[in-house]
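In case you want the letters, here they are:
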Amino acid sequence: MKNYSRRKFVKLLGGTGALLSASSLLTGCGKAASARIVIVGGGFGGSTCAKYLRRFDSSLDITLIEPSSRFITCPFSNMVISGMQTMDSISHDYAAQADRGVNVVHARVQEVDATAKKVTLDNGKALEYDRLVLSPGIDFKWDEVEGMQASDAEIIPHAWQGGSQTILLRKQLMAMSDGGVVIVAPPKNPFRCPPGPYERISLIAHYLKQHKPKSKILVLDAKDKFSKQTLFRQGWEKLYPGMIEWVAGSKGGSIEEIDVATGTLYTEFGDTHKGDVVNFIPPQKAGAIAQHAGLANNDGWCFVDQRTFESKVHKDVYVIGDASIAGAMPKSGFAANSQGKVCAAAIVSSLRGVAMPEPSYVNTCYSLVSPDYGISVAAVYRHSEDKGIYKTGGGVSPIDADATYRSQEARYARGWYDSVTMDTFG
Ligand SMILES: Cc1cc2nc3c(=O)[nH]c(=O)nc-3n(C[C@H](O)[C@H](O)[C@H](O)COP(=O)(O)OP(=O)(O)OC[C@H]3O[C@@H](n4cnc5c(N)ncnc54)[C@H](O)[C@@H]3O)c2cc1C
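Residues numbered from 1 in each chain as written. Predicted model: local features only at pLDDT ≥ 70, side-chain atom pairs only at ≥ 80, totals over all residues. Heavy atoms only, no water.

Participant: Hey, could you run me through the site of the ligand in this one?
Facilitator: Around the ligand, the structure places 33 residues, and the nearest of them are G45, E66, S135, R192 and D322. Within the backbone of F44, a nitrogen or oxygen atom sits 3.1 Å from an oxygen atom of the ligand. F334 is positioned with one of its backbone polar atoms (N or O) 2.9 Å from an oxygen atom of the ligand. Those elements giving two or more residues to the shell around the ligand turn out to be α2 (44-56), α3 (77-81) and α9 (333-352). Per element, the largest residue contribution to the shell around the ligand is three residues, and it comes from α9. For the shell around the ligand, the class distribution of residues is 17 nonpolar, ten polar and six charged. (Near = heavy atom within 4 Å. Polar contact = N/O pair within 3.5 Å; in protein donor to acceptor, adjacent residues only side chain to side chain. Helix = DSSP H or I, 4+ residues; strand = E, 2+ residues; numbered from the N terminus. Nonpolar A, V, L, I, M, F, W, Y, C, P; charged D, E, K, R; others polar.)

Participant: Which parts of the structure should I look at to understand the side chain of K228?
Facilitator: Mapping K228 onto the fold places it in the loop between β13 (216-220) and α7 (229-239). Buried within the structure, K228 lacks any salt-bridge partner; E199 is the closest side chain of opposite charge, at an N-O distance of 7.0 Å. A polar atom in the side chain of K228 sits 2.8 Å from the backbone oxygen of C365. In this structure, K228 is in contact with P195, C365, Y366, S367, I375, S376 and V377, ignoring residues within four places of it in sequence. (Buried < 20%, exposed > 50% of the residue type's maximum accessible area, 1.4 Å probe, protein only. Lys, Arg positive; Asp, Glu negative; His and termini not counted. Salt bridge = Lys/Arg side-chain N within 4 Å of Asp/Glu carboxyl O. Contact = heavy atoms within 4.5 Å.)

Participant: What should I look at first to understand the state of the cysteines in this one?
Facilitator: Here, the word disulfide means a covalent bond between the sulfur atoms of two cysteines. Overall, the coordinates contain zero disulfides when judged by the stated rule. In this model C193 remains outside any disulfide bridge; the closest cysteine sulfur is found in C365, 5.3 Å from its own. Relative accessible area serves as the criterion here: at 26%, C193 is assigned to the partly exposed category. (Disulfide = S-S within 2.5 Å.)

Participant: Honestly, the pattern of salt bridges in this entry has me stumped. Any pointers?
Facilitator: Pairs can form between side chains of opposite charge whenever their charged atoms are close. For the coordinates displayed, the defined rule picks out 13 salt bridges. Among the ionic pairs, E128 bridges to R36, the shortest N-O distance being 3.3 Å. Of this pair, E128 sits in strand β9 (residues 126-128) while R36 is found in strand β2 (residues 36-40), placing the two residues 92 residues apart along the sequence. Take R36: its relative accessible area is 30%, and that puts it in the partly exposed class. For the salt bridge of K223 with D221, the shortest nitrogen-to-oxygen distance reads 2.9 Å. A network of salt bridges, in which partner residues are shared, links K117, R131, K315 and D316.

Participant: Any chance you could explain the pairing of strand β15 (residues 255-259) here in plain terms?
Facilitator: The side chains of a regular strand alternate, first on one face of the sheet and then on the other. Where β15 meets strand β16 (residues 264-267), four bridges bridge the pair, whose relative direction is antiparallel. Within β16, the residue paired with D259 across the bridge is T264. Counting the residues between successive antiparallel strands, the hairpin from β15 to β16 contains four residues, one of them, G263, with a positive phi of roughly 65°. (Pairing = 2+ DSSP bridges.)

Participant: What am I meant to see in the sheet that holds β16 here?
Facilitator: Where strands meet in a sheet, backbone hydrogen bonds hold them as pairs that are either parallel or antiparallel. Strand order in this open sheet of three strands is β15-β16-β17, and the pairing throughout is antiparallel. Sheet topology places β15 and β17 (272-274) at the edges, where each strand pairs with a single neighbour. Strand-to-strand twist in this sheet, taken as the mean axis angle between neighbours without regard to direction, amounts to 20°. (Axes fitted to C-alpha atoms, helices over the stretch in contact; angles between N-to-C directions.)

Participant: Just to check I follow, could you spell out the sheet that holds strand β8 (residues 118-121) for this structure?
Facilitator: Here three strands make up an open sheet; going across it, the order is β7-β8-β9 and the pairing antiparallel. Every other strand in the sheet has two partners, leaving β7 (109-113) and β9 as the edge strands with one partner each. Taken pair by pair, the neighbouring strands of this sheet meet at an average axis angle of 20°, ignoring direction.

Participant: It is not clear to me how the packing of aromatic side chains should be interpreted in this structure. Could you clarify?
Facilitator: Two measures describe an aromatic ring pair: the distance that separates the ring centres and the angle between the ring planes. Here the structure, examined in full by the defined rule, presents 15 aromatic pairs. Ring centres of F232 and W236 lie 6.2 Å apart, and the angle between their planes is 45°; this geometry places the pair in the tilted category. With a gap of four residues between them, F232 and W236 both fall in helix α7, about one helical turn apart. Comparing F232 with W236 shows no difference in burial state: the two are buried. (Phe/Tyr/Trp six-rings, centres within 6.5 Å; stacked < 30°, edge-to-face > 60°.)

Participant: What am I meant to see in the packing of α2 against α9 here?
Facilitator: Think of two packed helices as two axes; the pair is described by the angle between the axes and how far apart they sit. The geometry of α2 relative to α9 is characterised by a closest axis approach of 7 Å and an angle of 40° between their N-to-C directions. For the element pair α2 / α9, the angle class is oblique. Between α2 and α9 the crossing geometry is right-handed. Facing F44, G45, T48, C49, Y52, L53 and F56 of α2, the residues of α9 in contact are G333, A336, N337, G340, K341, C343, A344, A345, I347, V348 and R352. Classifying every residue of the contact of α2 with α9 by side-chain character gives eleven nonpolar, five polar and two charged. (Parallel < 35°, antiparallel > 145°, perpendicular 65-115°, else oblique. Left-handed = near helix turned anticlockwise from the far one by under 90°.)

If you want it as structure tokens, here you go:
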């Protein structure tokens, strides 16, 4: 087993998003004696957790189960949709995980048996575990959408999971003629990436301004306010005057029914809107396997001990990333990355029978309003028994920043993407 000094252990965690303070974990007492750790989902949470488990204890037997051989990130997928980047630039493989001795299995987990401590895969194989980590991301509440079902996303793409949906929305925008109407319909809270729909609206506007300047974007929002709203709206007025109309949920933005064949949306107020391209982002819940394993509450999300991410339902099962209820943290890739490290430390501590280091968590969400105009929101978090994960500091970009500042934030956004994906998949 690799023995990390306390200083090095803290550095490993702190440099990239999650900081755990001193504890007996770092004194090297005990070791996790080849415990079997199975991780479901090779996205931001799962991949980070696998990597840091290996770093903390080289004796662990770690298996990462993920159906795809290449993970396509949602972060920066709005850049692909608007033609600024290629799919290749947001795709990552699992070679580094295999190199560090993580068993990467490309399959889908179909069943979790928390009593027998085993998972069954869609290839018929079963794997036993001592600790199980689920980071399955999100699924959609199609039963709450009148007139549309999962298969209709091939006609009206949500593009809220990276991959073919991203390409489909891009193609639809390219095929639309100048003067067309793009409807974007963001969901109610909570959902994956609170600023994501508004970055998408901004970058679609950037594309339209260049190629189809007579076109309009109508935003039918299920909510009355959204992340970084003042900053986004200021950017829209400055860069895309007259192009974007945003309708709040209580002012007629809330959608009641969708006619998929004609791309028509019917609102709660009885209004009818027809789009040439429609990007309806459905209401969300934890990934299907979390529901299937009985880990989710009535609202579709998973209760966990927010200090360790162990499920409140099943012992030795941990849920991280978007699927979990993580107090004040948003559902973001950076948050999932941060939680993956905390969870890895919690698992190693529990296997060694030592107290877990005191965690702190971090998140920054950069958004591009145009390629050269970035804004951000950042926060650090701590945990207490009564409050769960709570915010201890942070802030948003200044409202009165000049063009140089916005341009610098756009550069930081790209730097953030490179470092978080290197930390997760590299
Ligand atoms: C348009 C958009 C822009 C975004 N931009 C940002 C951003 O700028 N910054 C940011 O921090 N976040 C951003 N996000 C949010 C980010 O993508 C998610 O919060 C993050 O991916 C969550 O990580 P996760 O591990 O929970 O899920 P994911 O990263 O989605 O990983 C889940 C994985 O689990 C796998 N899986 C699911 N079920 C099973 C199963 N049964 N068996 C095996 N594997 C399974 C899936 O194949 C998937 O690979 C954005 C999201 C969107 C939609």
